[in-house]
Structure formats: structure tokens, C-alpha cells
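Okay, here's what each chain looks like letter by letter:
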Amino acid sequence: MNAEKTDSGNNHDVPVIAIDGPSGSGKGAITERLAGMTGFHILDSGALYRLVGYAARLDSVALDAETSLARLARDLDVAFLPNSEAGQPLSICLRGEDVTWAIRTDQAGVDASKVARLEAVRQALGELQVRFRKPPGLIADGRDMGTVVFPSANLKIFLTASVEARAERRYKQLKDKDIDVSLPALLESIQERDARDTERAVAPLKPAADAIVIDSTSLSIEEVVTQIVTRLKKEIDTGVFQQN
Ligand code: C5P
């Protein structure tokens, strides 16, 4: 994907905070806290890859059929709607059907990481993602937000944690949502997904050269948010948010 092409032109002066990292590193929870504090919009880019995988299953499209999958990605009939329960993430509707939880299963994550290897799919979703950059600002959560989609992001955070800690967290999240899963199976699936995400040829998972790397293995969400907010205040003091 051409980074310059995806990042330029679309509300380029609107601030972006990129939060990248592997599955279970805490990006989603941290993104929501930061959005609550700043009033910025949220881009959950992983949800878009999950939606493409989910739509592919609905339409019986193979998960390596690049041209058909790219068409699905381009024509994604998706709506992000405010949740009726206060404090809950946005509801996600695909073709008018609420798929908020259906796309959160481990299988949907595995399917997402398969379609995410394909350049034409990434290109189509990249074009969709830059349109989320709207005033007053955007918190973009994903794998390539700081490296490819928003290379001019004002603040880039790369969150990591040990694979065991990430599997435990994901296990608790899925159990809380009554999604049936076993911890050893989840650990194996996360390891496989990590390998697919970091070893793929297009937009592999890696920190941007100018990203701040935070290892959250033994940190609470609050502690990570505090570190990010401290950094954010510093960037605001030095005027970074006014320059772009
Ligand atoms: O973040 P989440 O677990 O929902 O992402 C699902 C999958 O989508 C990831 O494992 C990854 O393969 C893919 N993805 C990606 N680029 C992004 C976001 C997600 O390749 N920016």
C-alpha cells in the first residue's frame, strides 16, 4: 500500500493518535479510555478486517480469493451505531444486521488475519480507514496505523505484552461475553495469528520507527493510560498537535 497516498489529503490537519500492537495487548480498552478523555473519534481497524472475513463466509467466498475479497471490502455495507447501553462500544451492523459480537469470536479473528494478508484488501480498507479522520481528532487502533495508514500521526504508541498475558486477557474478555473458548486453544491461536501478522509481506505488524513502545505485561490499563496521557501532554506542550 502506498503510505503517502493513504495518509495525505484527508483532513490532514486533524490530529491522530495511532495505537498499534498484537492481539490482546489492550489496544481496544486503552483506545476507548483515551477517546473518553479527548472526545476524539475511534477507528477500530481490526473490526473492518473481521467484517470482510465475516462477509466472505456469508457469501461463501474463499479467504484467499483476493479480487472477490477486495470487492467485498470496497462495498462493505457497514454502520457503526451508538450502543443503547451507555459506556459500551459502538454497535456494528453489516448489511443491516447487528454483528457486534458475531465478529468477536476467535474464528472471526483468524479469518480476519487471513484476509488481512492480501494487498488488494488492505488497499480497499486503507481507503475506508483514512475517511475516519475527522475533527476533533482520531484514535486509530490496529496493526499498521502508525506505519502505513497514518504515517503522519501525531502520537504513535506500540503496545506489547507476553503472549501468555495476552491469551489470559482475551480468554477473560470472551468468557465475559459468554463466548465459549479454551485457554490452551486460544494461546495457540494467538501465536499463529501473531506469526501471520508479523510475517506477512504487506504492512506487517511492527512498531513505527517513531513509535513509543509500551510493554503492558505487568501493567494495568490505568497504568498504560497514565503513561500515554503523560506523553500526550508533553506533545501538546511542545506544539506537535498544532503543527500538522
Ligand atoms: O485487532 P483485531 O484482533 O480485531 O484484528 C483482527 C485481525 O485483523 C488481526 O489479527 C490482523 O490480522 C488484522 N488487522 C490488520 N491490520 C489492522 C487491524 C487488524 O491486519 N490495522
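What counts, and where the lines are drawn
- Position labels on residues start from 1 in each chain and follow its written sequence.
- Two thresholds apply to this predicted model, a pLDDT of at least 70 for residue-level local features and 80 or more for giving and counting side-chain atom pairs, whereas whole-chain, interface and lining totals are computed over all residues.
- Hydrogens and waters are ignored; side-chain quantities use all the structure's heavy atoms.
- Here a strand pair is declared whenever DSSP counts at least two bridges between the two strands.
- Secondary structure counts use DSSP, requiring at least four H or I residues in a row for a helix and at least two E residues in a row for a strand, with both numbered from the N terminus.
- For this analysis, residues touch if any pair of their heavy atoms sits within 4.5 Å.
- In this description, a line fitted to the C-alpha atoms serves as the axis of each element, helices being fitted only across the stretch in contact, and the angle between N-to-C directions of two axes falls anywhere from 0 to 180 degrees.
- Any residue with a heavy atom positioned within 4 Å of a molecule or strand is treated as near that molecule or strand.
- The term polar contact refers here to a pair of N or O atoms within 3.5 Å; inside protein, the definition further demands a hydrogen-donor-capable atom paired with an acceptor-capable atom, and it admits residues adjacent in sequence only when both atoms are side-chain atoms.
- Under the convention used here, a 1.4 Å probe and the Shrake-Rupley method define accessible areas, while residue burial counts only the protein chains that appear.
- Gly is placed with the polar residues, together with every amino acid not listed as nonpolar (Ala, Val, Leu, Ile, Met, Phe, Trp, Tyr, Cys and Pro) or charged (Asp, Glu, Lys and Arg).
- Here the word oblique covers every angle except those under 35 degrees (roughly parallel), over 145 (roughly antiparallel) and from 65 to 115 (roughly perpendicular).

K.L.:
Give me the lowdown on the sheet that holds strand S5 (residues 97–98), citing residues and values where you can.
P.N.:
Taken together, the three strands give an open sheet; going across it, the order is S3-S4-S5, and neighbouring strands pair in antiparallel fashion. Looking along the sheet, the strands with just one partner apiece sit at the ends: strand S3 (78–81) and S5. Bridge count for S3 against strand S4 (residues 91–94) is four bridges, and the pairing is antiparallel. The residue of S4 that forms the bridge with Leu 81 is Ser 91. Where helix H3 (residues 45–58) meets the sheet, its contacts fall on S3, S4 and S5, and the angle it forms with S4 comes to roughly 35 degrees.

K.L.:
Which residues make up the environment of Ala 55, and what values go with them?
P.N.:
Considering the arrangement of structural elements, one finds Ala 55 in helix H3. Residues Ala 55 and Leu 94, 39 residues apart in the sequence, show an inter-C-alpha distance of 8.1 Å. Leaving out residues up to four positions away in the same chain, Ala 55 has contacts with Leu 72, Leu 94 and Arg 95.

K.L.:
Requested: an account of the sheet that holds strand S7 (residues 155–160), with residues and values cited.
P.N.:
As summarised here, the arrangement of the five strands in space is S2-S6-S1-S7-S8, forming an open sheet in which the pairing is parallel. Two strands close off the open sheet at either side, each with one partner strand: strand S2 (41–44) and strand S8 (212–215). Taking each pair of neighbouring strands and ignoring which way they run, the sheet shows an average axis angle of 20 degrees. Bridge count for strand S1 (residues 16–20) against S7 is four bridges, and the pairing is parallel. Within the sheet, the bridge partner assigned to Asp 20 lies in S7 and is Phe 158. Across the sheet, helix H10 (residues 221–237) is in contact with S1, S7 and S8; its angle to S7 comes to roughly 160 degrees.

K.L.:
Please provide a residue-by-residue account of the site of the ligand, values included.
P.N.:
Not every one of the 17 residues close to the ligand is listed here, only the nearest: Arg 50, Arg 122, Asp 144, Arg 193 and Asp 197. Measuring from an oxygen atom of the ligand, one finds a side-chain N or O atom of Arg 122 at 2.8 Å. In this structure, Arg 200 approaches the ligand through a side-chain N or O atom, which is 2.9 Å from an oxygen atom. Coverage of the ligand by the protein chains reaches 97% of its 450 Å² of free accessible surface. Where the shell around the ligand is concerned, the elements lending two or more residues are H3, helix H5 (106–115) and helix H9 (183–199). Split into classes, the residues belonging to the shell around the ligand amount to four nonpolar, four polar and nine charged.

K.L.:
Give me the lowdown on the packing of helix H4 (residues 66–74) against helix H6 (residues 119–129), citing residues and values where you can.
P.N.:
Put simply, H4 and H6 touch, their axes get as near as 8 Å, and they point 10 degrees apart. Of the possible angle classes, the one that applies to H4 and H6 is roughly parallel. For the pair H4 and H6, the contacting residues are Glu 66, Leu 69, Ala 70, Ala 73 and Arg 74 in the first and Glu 119, Ala 120, Val 121, Ala 124 and Leu 125 in the second. In the contact of H4 with H6, the residues fall into seven nonpolar, no polar and three charged.

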